[in-house]
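Close look at the chain arrangement
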Amino acid sequence: MNRVVHLPKKSREPSVAIALGSGGARGLAHIAILEALDELGVKPVAISGTSIGAIIGAAYAAGIEARHLHAHVLDAMRNGSQVMGKLFKARVGRFADLVLRGAGNPIMLDAEICLDLFWPASVPYTFAELKIPLLVVATDFHNRCEAVFSSGLLAPAVAGSMALPGLIKPVESGGRVLVDGGAVNPLPYDLLFDEADVVVAVDVTFGGGSRKRRVPSPFDSMFGAAQIMQGAITAQKLKSRPPDILVRPAVEQFGVLEFRRAAHIVKSAEAAKDSIKRDLAAHFEAHQSR
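Residues numbered from 1 in each chain as written. Predicted model: local features only at pLDDT ≥ 70, side-chain atom pairs only at ≥ 80, totals over all residues. Heavy atoms only, no water.

1. Overview of the overall build of the chain
Per the secondary structure count, the chain includes ten helices and eight strands. When each of the 290 residues of the chain is scored for burial, the buried share is 50%. At a minimum sequence separation of 6, the contacts of the chain that also span at least 24 residues come to 77%. For the chain, the accessible area works out to roughly 14400 Å², and carbon and sulfur atoms hold 55% of it. (Helix = DSSP H or I, 4+ residues; strand = E, 2+ residues; numbered from the N terminus. Buried < 20%, exposed > 50% of the residue type's maximum accessible area, 1.4 Å probe, protein only. Contact = heavy atoms within 4.5 Å. Areas by Shrake-Rupley, 256 points an atom, 1.4 Å probe, with all protein chains shown as cover.)

2. Thoughts on the packing of helix α1 (residues 30–40) against helix α2 (residues 52–61)
Contact geometry of α1 with α2 gives a least axis separation of 10 Å together with a crossing angle of 30 degrees. When you trace α1 past α2, the crossing you get is right-handed. Of the residues in α2, those touching α1 at His30, Ile31, Leu34, Leu37 and Asp38 are Ile52, Gly53, Ile56 and Tyr60. Counted by class, the contact of α1 with α2 contains six nonpolar, two polar and one charged residues. (Axes fitted to C-alpha atoms, helices over the stretch in contact; angles between N-to-C directions. Left-handed = near helix turned anticlockwise from the far one by under 90°. Nonpolar A, V, L, I, M, F, W, Y, C, P; charged D, E, K, R; others polar.)

3. Here's the deal with the environment of isoleucine 47
Structurally, isoleucine 47 is set in strand β2 (residues 46–50). We classify isoleucine 47 as buried; its relative accessible area is 1%. Each C-alpha atom of the pair isoleucine 47 and proline 133 lies 6.3 Å from the other, and the pair is 86 residues apart in sequence. Setting aside residues no more than four positions away along its own chain, isoleucine 47 makes contact with Ile18, Leu20, Gly57, Tyr60, Ala61, Ile132, Pro133, Leu134, Leu135 and Leu192.

4. Concerning the confidence of the model for the chain
When pLDDT is averaged across the chain, the result is 86; 84% of the residues are at 70 or more. Residue range residues 94–106 is modelled with pLDDT below 50. Its contacts to residues more than four positions away, or to other chains, number 14 contacts. (pLDDT = per-residue confidence, 0-100.)

As structure tokens, then:
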């Protein structure tokens, strides 16, 4: 049960910005943290997101309350056969390409089609139509650098941010080829320091070391290596300059692709809701005493 936390009132309350990190299905925990902000009546002045963080961040920035996002995700993931049907529509390759030509990936997905199939209908076409400013992080593949989007078309930017190599095809946008933003900035809180008084970062890549010492499958190796890399990048960033509030929901037991366990993932983040409420209350009190 969540504790009731009341924030101190002041003529000008400190502004809050939030960064939502990458992490596949684990990132559904972001919804619980956004629910905590809604319950406190705290509206972020800016949001940054990478991969799943960009997907959820864009929907929230569009003005969709976190509780409605929660209900949408549970409804979208409730029927496994319908989910598979949607993913089948989003496939890029064909099995014939692999068998007859030795090229193509029969399970590779088109990210923009996935967004069209799974995003709430009220998510707009452009960044300008969002209710909250949003920064989306992708990786510019050919220039080997971070690409940050805050204007123009929304879907191509978010699609590029979530283009996990080997599973989702790269996205061509603005003359650049974009892949998963987690390769360069899996927890993009550093983009928010000039945007708000209090910067919150939600890290869902932390932990997850397996107790089973079996040899991982090819998929487990690919996604596990990506998680290890992202964790290492985040650890170095935290040493350099941490956010004001770091939230790490207890979702390490979930796999990157376990979206079917959406309800369990969001529920596992309940304790983190209490944590962020207490931390925000402390920061608001400190701000009031200055």
